[in-house]
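In case you want the letters, here they are:
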Amino acid sequence: IVCPAHADAKLEYTAQRAGDAERSLQRVWPRNECAREQVKVSMQVVDIATARRYAPDKMVKHPVFETEHLFCDVYCLEPGQEQAVHAHAGSDKIYILLEGRAVVTVGDEERELRPMEAVLAPAGLPHGIANRSKERAAALVFFAPKPQHG
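These numbers come from a predicted model, not from an experiment.

**Q** Hey, could you go over the sheet that holds strand β9 (residues 118-121) for me, with residue numbers and the actual values?
**A** A sheet is described by the order of its strands in space; here five strands give the open sequence β4-β5-β11-β6-β9, paired in antiparallel fashion. In this open sheet, the two edge strands, each paired with only one partner strand, are β4 (60-66) and β9. If you compare each strand with its neighbour and ignore which way they point, the axes differ by 20° on average. Of the pairings in the sheet, the one linking strand β5 (residues 71-77) to strand β11 (residues 137-144) comprises seven bridges and is antiparallel in character. Note on β11: the bridge partner recorded for C76 is A138.

**Q** So what's going on with the packing of aromatic side chains? Which residues, and what values?
**A** In total, this model carries two aromatic pairs according to the counting rule given. Ring plane angle 35° and centroid distance 5.9 Å describe the contact between F71 and F143, whose orientation is recorded as tilted. Residue F71 is found in strand β5, and its partner F143 is found in strand β11; the two are separated by 72 residues along the sequence. The partly exposed category is assigned to F71, whose relative accessible area is 24%. Given the relative accessible area of 8%, F143 is considered buried. Their ring planes at 75° and their centres at 6.3 Å tell us that Y75 and Y95 sit as a pair that is edge-to-face. One end of the pair, Y75, is in strand β5; the other, Y95, is in strand β6 (residues 92-99), with 20 residues separating them in the sequence. Relative accessible area serves as the criterion here: at 3%, Y75 is assigned to the buried category. Relative accessible area serves as the criterion here: at 0%, Y95 is assigned to the buried category.

**Q** Before we move on, can you summarise the side chain of N131 with the specific residues and values?
**A** Mapped onto the elements, N131 comes out in the loop between β10 (127-130) and β11. Residue N131 is classed as buried on the basis of its relative accessible area of 1%. Here S133 takes part through its side chain, which lies 2.7 Å from a polar atom of the side chain of N131. A polar side-chain atom of N131 sits 2.7 Å from the main-chain carbonyl oxygen of E135. Once residues lying within four places of it in the same chain are set aside, the contact partners of N131 are L77, E78, P79, G80, Q81, R101, R136 and A137.

Criteria and cut-off values
- Residues numbered from 1 in each chain as written.
- Predicted model: local features only at pLDDT ≥ 70, side-chain atom pairs only at ≥ 80, totals over all residues.
- Heavy atoms only, no water.
- Pairing = 2+ DSSP bridges.
- Helix = DSSP H or I, 4+ residues; strand = E, 2+ residues; numbered from the N terminus.
- Axes fitted to C-alpha atoms, helices over the stretch in contact; angles between N-to-C directions.
- Phe/Tyr/Trp six-rings, centres within 6.5 Å; stacked < 30°, edge-to-face > 60°.
- Buried < 20%, exposed > 50% of the residue type's maximum accessible area, 1.4 Å probe, protein only.
- Polar contact = N/O pair within 3.5 Å; in protein donor to acceptor, adjacent residues only side chain to side chain.
- Contact = heavy atoms within 4.5 Å.

Here's what the structure looks like:
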């Protein structure tokens, strides 16, 4: 959101470090005569390569982003690990394979994905992911809308 009347906006960079995985970039406009006293836009950047975590006993879901509207996680699967097939009544899920090979189930279909292939699991359809290869696999997973608990 840019206030064209105030080109004297200043940039503030803040680092929120978990290793070098996250950086925040904020553009802050000073208090002024605009209808809005202060406008703030924030961008979070995550290095997906360093956000991967593996465990020998089960698949790891490592959070990347979470808002009131969506989740974004990296799913990390050692050979033989899987996410059980399940469904979400009101939320869609997207799997984007980052590395390795993984079999994704959506409804009655299964497909082995290669890196940089994506698949949509629409709300209500059973879905899951499995690593049936001999190498590690990782997928970037988006889930929206975020379910409301409570």
